[in-house]
Each structure stands twice: as C-alpha cells, then as structure tokens.
Amino acid sequence: GLWLATGNSVALLGGKIEYNGAVVDGLGVLDFNTAMSREKRWLGDVLTTSENPFGAQVIGYVNSSSVYERIQSPLFELSLGNDLGNDKESGADGIFKDGIIATQLTGPLLVKNPAVLGFFYEKLTGAPLELDENDPIKLAYNNALAQLTKRITE
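Residues numbered from 1 in each chain as written. Predicted model: local features only at pLDDT ≥ 70, side-chain atom pairs only at ≥ 80, totals over all residues. Heavy atoms only, no water.

Help me understand helix α3 (residues 136-153) in this model?
Because an α-helix completes one turn every 3.6 residues, residues spaced three or four positions apart along the sequence face the same direction. For α3, with 18 residues, the first-to-last C-alpha span of 26 Å sits near the 26 Å given by 1.5 Å per residue. Of all the residues in α3, the buried ones are Tyr-141, Leu-145 and Leu-148. The buried residues of α3 occupy an angular sector of 80° when projected down its axis, which confines them to one face. Residues of α3 that are exposed and point more than 90 degrees away from the buried face comprise Pro-136 and Thr-153. Check the buried side of α3 and you find it contacts β5 (42-48), β6 (59-64), β8 (76-80), α1 (109-112) and α2 (114-125). Capping the start of α3 is the job of one residue whose side-chain oxygen sits 2.8 Å from the backbone nitrogen of Ile-137: Asp-135. (Helix = DSSP H or I, 4+ residues; strand = E, 2+ residues; numbered from the N terminus. Expected span 1.5 Å × (residues − 1). Buried < 20%, exposed > 50% of the residue type's maximum accessible area, 1.4 Å probe, protein only. Arc of directions from axis to C-beta. Contact = heavy atoms within 4.5 Å. Polar contact = N/O pair within 3.5 Å; in protein donor to acceptor, adjacent residues only side chain to side chain.)

Can you help me understand the packing of aromatic side chains in this one?
For any pair of aromatic rings, geometry is given as the distance between the ring centres together with the angle between the planes. Scanning all chains against the criterion turns up 3 aromatic pairs. By way of ring pairs, the aromatic residues Phe-54, Phe-119 and Phe-120 are connected into one cluster. In this arrangement the basic side chain of Lys-88 is found over the ring face of Trp-42, its NZ or CZ atom lying 5.2 Å from the centre. (Phe/Tyr/Trp six-rings, centres within 6.5 Å; stacked < 30°, edge-to-face > 60°. Lys NZ or Arg CZ within 6 Å of the ring centre and 35° of its normal.)

Laid out in structure tokens, this is it:
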C-alpha cells in the first residue's frame with residue numbers, strides 16, 4: 001500500500017506519544033516515539049534538498065510541538081529550517097519506509113509541490129502527471145522555491 005501522513009498526524013504512526021506526563025499508544029505502524037512539548041512550538045518555512053524520492057526540492061511549512069525519537073528512515077534533509085526536523089537538531093525530516101511517506105510539513109503539500117503530486121499520481125494511476133511550465137501549480141512552486149532559496153543564501 002501507499003500511505004501519506006502530513007503535519008501532526010505523523011505522531012499517530014509511532015508507538016508512544018508523550019504529552020505533559022501522560023503517555024498514549026500510537027498505531028504502532030512504525031518503531032518510533034513522539035514527545036510533545038507544552039512549552040514550545042517549532043514553526044517556520046522549510047525547503048528540502050533534492051535528494052529524496054520525489055527528485056526535487058520540497059517546500060512547506062512546519063507548525064509542531066512534536067519531537068520524534070528513533071526515526072531510522074527519514075524522508076529528506078532540510079536545507080532551510082533544519083532546526084524544524086524530526087529531532088529539532090539534525091535537519092532530517094519525515095519517514096520513508098515500506099510505502100509509508102510521512103512528513104511534518106503541512107498542507108497543501110501536494111498542491112505546493114508538483115514533484116510530490118506527480119509521485120503520488122503516478123503511484124496511484126500508473127501514468128506520469130503532465131504539467132506544462134505555465135501550469136499555476138508549477139508557476140507557484142517556482143516562485144516559492146526562488147523566494148526560499150534566497151533566504152538560505154542571505
């Protein structure tokens with residue numbers, strides 16, 4: 001199968017979720033735990049490197065109080081906002097394992113990223129997604145990519 005989890009729903013895939021001294025079970029689909037902070041939220045724009053299953057940089061936004069522990073197969077590395085990743089230190093974000101694709105990046109992940117949309121479209125239909133360079137999705141992506149790339153070099 002193919003799963004997509006975005007934003008705070010990623011925590012549900014793990015084994016345990018701890019918040020304010022209470023521990024609840026996640027779905028246990030993957031072997032990691034989540035510690036949620038009452039005192040801190042991590043938020044900001046992010047940009048990934050292009051070394052990922054989608055073959056292009058991914059843009060997005062993180063708004064989370066979760067720190068993920070023991071994730072062994074990250075989805076990508078963050079080049080902007082690398083303090084917003086899984087453990088809030090290494091720059092690794094998300095999970096890519098056994099058909100599960102999960103990231104803290106919030107929506108609209110698919111609409112903001114033509115390569116991600118194309119990846120899922122092809123997995124689900126067997127045909128490539130064809131967007132021309134004047135498609136609004138591509139134009140918006142290219143604009144956002146240029147703006148976020150500038151922030152890395154400033």
